[in-house]
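Each chain, letter by letter, is given below.
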Amino acid sequence: MGRWRGRAAGLAVTSTPPRYLDRYEGSSFGGSIILLATPAPKPADAPGFSAARAREDILRVAAAPHTVWDQASLVPVRDHLRSRLAGMGLAVATYRYPPVTDAFGHSYPLENIAAAIPGKSGRSILLVSHYDSSPKKRAAEQEGSRGAADDGYGIATMLEIARVLAAAKDTLENGVRFLFTDAEETGLLGAGAEMTRNLAAYADVDLVINLEARGVKGPAVMFETGRNNLATLRLYRNARWPFAYSFAVDVYRNMPNGTDLTQFLRKGFAGLNFSVLDDLSFYHTTRDNPDNISLRSLQHYGEQILPVVLEYSRDPRYGRPGAFAAAEDMVYFTWLPGILVSYPATAAKIISILTTILFVAWTARAFVRKEARIGSALLWFLAWLGMAALALGIGLGASVLLAKATGIPWKVTYMPGVPFDRAITWVLVLLEALVPYLLASWWARKGREIRSLLAAAMALNLVLLAVFHRFLPGGSFMFALPVLAALAGSWLASRTGRAWIAWIPAVLSIGLFLPILHLVGLALTIGALGIVT
């Protein structure tokens, strides 16, 4: 089986049948497990990208801690990178910069390592990862992290992609460049030096792909792009196992976090950023070592990034400056393994307007036919709003209590190490979903206007849709699509006389939300329990 694409009025559905699926990992709830599946690792003798081969580089790079605060520990890592790249026949360059002093008071020189496979057009794509492991910088971290995932995953993926390209011995239409940066963990200093001291060397670069890790397992999430990413996402559609949500880009843009890609985006480069997010308790600790890496996660990096690089390197359309210039963003989400739905932000606005019109027509019809009452719908709207506020309060209160009980400082975006955090999260999610379901069932059994309840729920979604269009437009699909699903289910049920049909769109909406809840929980940790629930 191959890949297929469907397009209509700007909508694109890109699918890769999940034939590589072996098992899934890193999830705590059945429904989200399926959507968070990762591909089976390919053996060392397989063609294309092989996680088994890439693992060998992790074993070498992560043999010991290698932080910038211990310059001698970086020497074998640098030697390995130069040796591997030169062994593939690539010309290797080293960019050295005078000592800098980081925010923690340590001073050291910087040394970035680069290589390239040139293309006929003179334009290039740039892959970036950092080769320093993290020293202990804050309370939840430990000395002795070996950086097997952060950023061994990035290094190994780039070296394996370089091997695939070099072994093909094809003349590329567009070039592929590789940059291994120094001192990312202490302030993005290596990438910063390239952008402040060596910017002219990147005049041929059209797109930067950064590879990171904030955990050790689970899917490699494409979580960040540059602004006006429409053309960038069209290239990303070539990923063989896409996993991305446009709301994540909006959220990350408003967070204080940064990666090496941050330095490039500040200079106007287009970009894609990838990272695993599961499990944060391994992040910057001694547990980030080769014994705990996931070959499935490593394979997932390759299954996404290699096809993107190959498409760029072969397509003459990318051989002109400004190939990734665009006037708007894309709205996109993963729905089932290997399926990426994407459409321009303009189309998202049109979808939202049409959804609102359909809702108004449906509601007016229900009121005229006495299937719903305005007063009852208003009361239900207030009830739904109250339940949402209560869920937020319960989640927030629970996370604060957990912080006090465990002695872990409470923070919305970083509260790792809470015992049974996922079990607690999903128990609360299920309980808070069960209460509205039981209320709706009780109301239906009473023979009252179930459409008043449904109209109120859809109206609340539309209010949230308007809010998201204003502040987080990449998340608009999370509220427009459930309303459309509810309207479709109601129409189908009334046309066929089979009430159970209304559950089909509901199940599809639940399938959309489960991985989103899981992803937000992983990214923000249990400190964001109020948001997740």
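In this text the structure is predicted, and so the values were computed from the model without any measurement. Per chain, residues are indexed from 1 in the order of the written sequence. Local features in a predicted model are, by the rule used here, given only for residues with pLDDT of at least 70; side-chain atom pairs are given and counted only at 80 or more, and totals for whole chains, interfaces and linings are based on all residues. To obtain the side-chain values, all non-hydrogen atoms of the structure were included, while hydrogens and water were left out.

### As for the overall build of the protein chain
Numbered from the N terminus, helices here are DSSP runs of H or I no shorter than four residues, and strands are runs of E no shorter than two. Scanning the protein chain for helices and strands turns up 16 helices and 13 strands. The globule rule is 2.2 Å times the number of residues to the power 0.38, and the radius of gyration it is compared with is taken over C-alpha atoms. Computed over C-alpha atoms, the radius of gyration of the protein chain comes to 25 Å, within 12% of the 24 Å expected from 2.2 N^0.38 for 533 residues, which places it in the range of a compact globule. Taking the principal axes of its C-alpha atoms as reference, the protein chain extends roughly 75 × 55 × 40 Å. Here the term buried applies to any residue with accessible area under 20% of the maximum for its type, exposed to any over 50%, and partly exposed to those in between, with areas from a 1.4 Å probe on protein chains only. The buried share of the protein chain, taken over its 533 residues, is 55%. Contacts spanning at least 24 positions in sequence make up 78% of the contacts within the protein chain whose residues lie at least 6 apart. In this description, accessible areas are obtained by the Shrake-Rupley approach with a 1.4 Å probe, and a residue is regarded as covered only by the protein chains that are shown. With an accessible surface of roughly 22,200 Å², the protein chain has 63% of that area assigned to carbon and sulfur atoms. The charge count treats Lys and Arg as positive and Asp and Glu as negative. His and the chain ends do not count. The location of each charge is read from NZ of Lys, CZ of Arg, CG of Asp or CD of Glu. If the 52 positive side-chain charges of the protein chain are averaged to one point and the 40 negative ones to another, these points end up 10 Å apart. When checking whether two residues touch, look at their non-hydrogen atoms; a contact exists if any pair is within 4.5 Å.

### Points about the packing of aromatic side chains
Ring pairs shown here join Phe, Tyr and Trp side chains whose ring centres sit within 6.5 Å, with only the six-membered ring taken for Trp; geometry is labelled stacked below 30 degrees between planes, edge-to-face above 60, and tilted in between. Following the criterion strictly, the structure yields 14 aromatic pairs and no others. Seen from their ring centres, phenylalanine 223 and tyrosine 252 are 4.9 Å apart, and the 75° between their planes marks the pair as edge-to-face. Within this pair, whereas phenylalanine 223 is found in strand β10 (residues 221–225), its partner tyrosine 252 is found in helix α7 (residues 246–253), the two being separated by 29 residues in sequence. Accessibility classification places phenylalanine 223 together with tyrosine 252 in one group, the buried group. Taken together, the ring pairs connect Tyr202, Phe264 and Phe269 into an aromatic cluster. Lying over the aromatic face of tyrosine 414, arginine 138 brings its terminal NZ or CZ to 3.8 Å of the ring centre. In our convention, an over-ring charge means Lys NZ or Arg CZ found within 6 Å of a ring centre and within 35 degrees of that ring's normal. The residue whose ring lies beneath arginine 470 is phenylalanine 471, and the NZ or CZ to ring-centre distance is 5.1 Å.

### Some details on helix α5 (residues 189–197)
For α5, the tally of buried residues reaches seven of nine residues, placing the bulk of the element in the interior. Of the positions making up α5, those classed as buried are Leu189, Gly190, Ala191, Gly192, Ala193, Glu194 and Met195. Residues of α5 that are buried make contact with β5 (91–101), β6 (107–117), β8 (175–181) and α8 (260–266).

### Observations regarding the pairing of β10
Within a regular strand, side chains alternate between the sheet's two faces. Most of β10 is tucked away, with five of its five residues classed as buried. DSSP calls a pair of strands paired once it identifies at least 2 bridges connecting them. In this sheet, strand β11 (residues 270–276) lies alongside β10 in antiparallel orientation, the contact comprising four bridges. Bridging from a neighbouring strand, glutamate 224 pairs with asparagine 273 of β11.

### Overview of the nonpolar core
Side chains that are nonpolar tend, in soluble globular proteins, to be buried together. Membership of the largest hydrophobic core comes to 76 residues, with the highest contact counts inside it found for Leu127, Tyr153, Phe178, Phe180, Ile209 and Tyr236. Here phenylalanine 178 is in contact with Leu90, Ile113, Ala114, Ala115, Ile117, Leu126, Leu127, Met158, Ile161, Ala162 and Leu165, once residues within four sequence places are set aside. The nonpolar core is taken to be a set of buried Ala, Val, Leu, Ile, Met, Phe, Trp, Tyr and Cys residues, with the residues joined through side-chain atoms within 4.5 Å. If you look at the next biggest cluster of nonpolar residues, it comprises 42 residues, including Phe359, Trp362, Met478 and Leu487.

### Some words on the sheet that holds β6
Strand order in the open sheet formed by seven strands is β5-β6-β8-β7-β9-β11-β10, and the pairing between neighbours is mixed. A strand with exactly one partner marks an edge of an open sheet, and here the two such strands are β5 and β10. Across the sheet, the axes of successive neighbouring strands diverge by a mean angle of 20°, strand direction being ignored. For strand β9 (residues 205–213) and β11, the ladder comprises seven bridges, and the chain directions are parallel. Within β11, the residue paired with isoleucine 209 across the bridge is leucine 272. Structural elements are reduced to axes, namely lines fitted to C-alpha atoms, with helices fitted over the stretch in contact, and the angle between N-to-C directions of any two is expressed from 0 to 180 degrees.

### Here we look at the environment of proline 98
Relative to the helices and strands, proline 98 is located in strand β5. In this structure proline 98 comes out as partly exposed when scored by relative accessible area, which is 43%. Note: C-alpha distance between proline 98 and proline 109 (11 residues apart in sequence) is 4.9 Å. In this structure, proline 98 is in contact with Tyr108, Pro109, Leu110 and Arg197, ignoring residues within four places of it in sequence.

### A word on the side chain of serine 145
In this fold, serine 145 is placed in the loop between β7 (124–130) and α4 (152–168). Judged by its relative accessible area of 1%, serine 145 is buried. Side-chain atoms alone can form a polar contact between residues adjacent in sequence; in general such a contact is a pair of N or O atoms within 3.5 Å, and within protein one must be able to donate a hydrogen while the other accepts it. At a separation of 3.4 Å, a polar atom in the side chain of serine 145 contacts the main-chain amide nitrogen of glycine 147. For serine 145, the contacting residues outside a window of four places in its chain are Pro65, His66, Ser133, Ser134, His284, Thr285, Thr286 and Asp288.

### Points about the confidence of the model for the protein chain
Confidence scores here are pLDDT values: one per residue, from the predictor, ranging 0 to 100. Per-residue pLDDT for the protein chain averages 90, and the proportion of residues at 70 or more is 93%. With pLDDT under 50 throughout, residues 18–32 is counted as low confidence; its partners more than four residues away or in other chains account for 47 contacts.

### Examining unusual backbone geometry
Look at the link from aspartate 150 to aspartate 151: it is a cis peptide, with omega at 10°. Its place among the elements puts aspartate 151 in the loop between β7 and α4. At the junction of aspartate 278 and aspartate 279, the peptide bond is cis and its omega measures out at 25° in the coordinates. If you trace the backbone, aspartate 279 turns up in the loop between β11 and α9 (295–314). At threonine 525, a residue that is not glycine, the phi angle is positive and equals roughly 65°. You can call threonine 525 buried: its relative accessible area is 8%.

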